[in-house]
Amino acid sequence: MEAKTKDLWVFVETNQDGSAKNVGIELLSPGKMMAEKQGGSLAAVVIGCHVDAAVQAAATHGADKVYVVDGEEYAHYTTDAYTIALCALVEKYGPTSMLIGATNNGRDLGPRVSCRLEGGLTADCTALDIDEEDGKVAWTRPAFGGNLMATIKCPNNFPQIGTVRPGVFKKCEETEAKAEIIREDIHVPADKIRTQVLELIKEMGDENVDLEGAEIIVSGGRGVGGPEGFAPVKALAEVLGATVGASRAAVDSGWISHAHQVGQTGKTVGPKLYIACGISGAIQHLAGMSGSDVIVAINKDPDAPIFDVADYGVVGNLFEVLPVLTEEIKKARA
Ligand code: FAD
């Protein structure tokens, strides 16, 4: 289809309580820069049931407009209802490009919408820009197992759509809401929704790890040597109020669950402090954590590549360093 405007849209996914998921609000930051370069406005799209909190969050984080579709049929995400609503909005208003968080639902919705609208989609982007020569979105994502960063364009079909991982961008400062709120009455009859949510089962324990929202992460890699080697990592995390992360080597060895994995095939994180213990710093691990504000590496090999990205490095045995660090932090807090 043809773009009717130069506007850029950000799909702001909602939580069950109607608040915005972090990734949607994060995407308003690059969205603002891109919309300005494209010469259009930045619009957020919120679909859900009782979603005022998400609308307010979008309006106070840079959106010029917020399109809202509110209805009982959107209380739980379904591919059918959300696709119908989002496609109807796109067909009516014709944005030039759209960003969607690469969450489970976003990874489902983005391809479905792009296919239905015969547009293009670049999945799992880690950097975004506008090509100043042709005004098209330059979508950058890891390729060939993370060894190359590829920049992709979809020049002929609109809207240009991309999914972006949570944690790649930081939320902008909250400001006074000035956005125009546009409510659209789009309803989807029950017989058009082929799936039904019968029951919500809250994930328990380990699977509930919130790495993407964590301010401090202490991660362990193959250097911890086994599941019991995570004990000093967890002890340091506890005194810091941190979340425990891991490299894929530790996860693949079965020492800790996949919910803790940081990196290209794990979570992308952006904490204020990331402490990497016994992690060499492979490119696929760095892809998930190099956006951290401060990186501390503890590794016995002075040539480990993790030290190239670390702000502070300790060359030493993590089993000697971590207990001392944990004790000193405890004392300082006493
Ligand atoms: P290693 O590379 O084995 O490093 C262990 C480090 O521990 C070494 O530097 C060693 O010096 C140090 N060490 C050992 N003992 C001690 C000690 N007692 N004290 C201090 N230091 C010690 N990896 C990820 O992490 N996340 C991903 O999402 C991911 N996705 C991938 C996707 C693809 C397609 C591919 C091909 C690979 C992916 N990988 C990923 C794997 C990645 O390439 C590395 O193999 C992995 O990150 C290595 O983990 P590691 O650093 O824990 O282990």
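Just above, that's the structure.
Criteria and thresholds
- The numbers attached to residues start from 1 for each chain and follow its sequence in the written order.
- Restriction of local features to residues with pLDDT of at least 70 applies here, the model being predicted, together with a cutoff of 80 or more for giving and counting side-chain atom pairs; totals for whole chains, interfaces and linings are based on all residues.
- In computing side-chain values, all of the structure's heavy atoms are included and hydrogens and water are not.
- Fitted lines through C-alpha atoms serve as axes, helices being fitted only where they are in contact, and the angles separating the N-to-C directions of these axes extend from 0 to 180 degrees.
- Secondary structure elements are taken from DSSP: a helix is a run of H or I of four residues or more, a strand is a run of E of two residues or more, and numbering for both begins at the N terminus.
- In these notes the angle categories are as follows: under 35 degrees is roughly parallel, over 145 is roughly antiparallel, 65 to 115 is roughly perpendicular, and the rest is oblique.
- Each crossing gets its handedness from the near helix: less than a right angle anticlockwise from the far helix is left-handed, clockwise is right-handed.
- By definition in these notes, contact holds between two residues if any of their heavy atoms fall within 4.5 Å.
- When residue character is reported, Ala, Val, Leu, Ile, Met, Phe, Trp, Tyr, Cys and Pro are called nonpolar, Asp, Glu, Lys and Arg charged, and the others, Gly included, polar.
- The salt bridge definition used is simple: a Lys or Arg side-chain nitrogen within 4 Å of an Asp or Glu carboxyl oxygen.
- Each residue is placed in one exposure class: buried if its accessible area under a 1.4 Å probe, protein chains only, is under 20% of its type's maximum, exposed if it is over 50%, and partly exposed if it falls in between.

Undergrad: Could you give an account of the packing of helix 5 (residues 230–240) against helix 9 (residues 318–333), naming the residues involved and the relevant values?
TA: Between helix 5 and helix 9, whose axes approach to 9 Å, the crossing angle comes to 20°. When the axis of helix 5 is compared with that of helix 9, the two are roughly parallel. As for the relative orientation of helix 5 and helix 9, their crossing is left-handed in sense. Facing helix 5, whose interface residues are Pro232, Val233, Ala235, Leu236, Val239 and Leu240, helix 9 presents Phe319, Leu322, Leu325, Thr326, Ile329, Lys330 and Arg333. Here the residues of the contact of helix 5 with helix 9 are counted per class, giving 10 nonpolar, one polar and two charged.

Undergrad: Kindly report on the pattern of salt bridges, identifying the contributing residues and their values.
TA: Inspection of every chain in the model, using the stated rule, returns 16 salt bridges. Residues Asp52 and Arg183 are paired through a salt bridge, measuring 3.9 Å at the closest nitrogen-oxygen approach. With Asp52 in helix 2 (residues 52–59) and Arg183 in strand 10 (residues 180–183), the pair connects residues that are 131 residues apart, well separated along the chain. Between Asp293 and Lys170 there is a salt bridge, with its nearest N and O atoms 3.7 Å apart. Of this pair, Asp293 sits in the loop between helix 7 (283–289) and strand 14 (294–299) while Lys170 sits in the loop between strand 9 (160–164) and strand 10, and the two are 123 residues apart along the sequence. Assessed through its relative accessible area of 43%, Asp293 is described here as partly exposed. Linked through salt bridges whose partners overlap, the residues forming this network are Lys37, Asp129 and Glu132.

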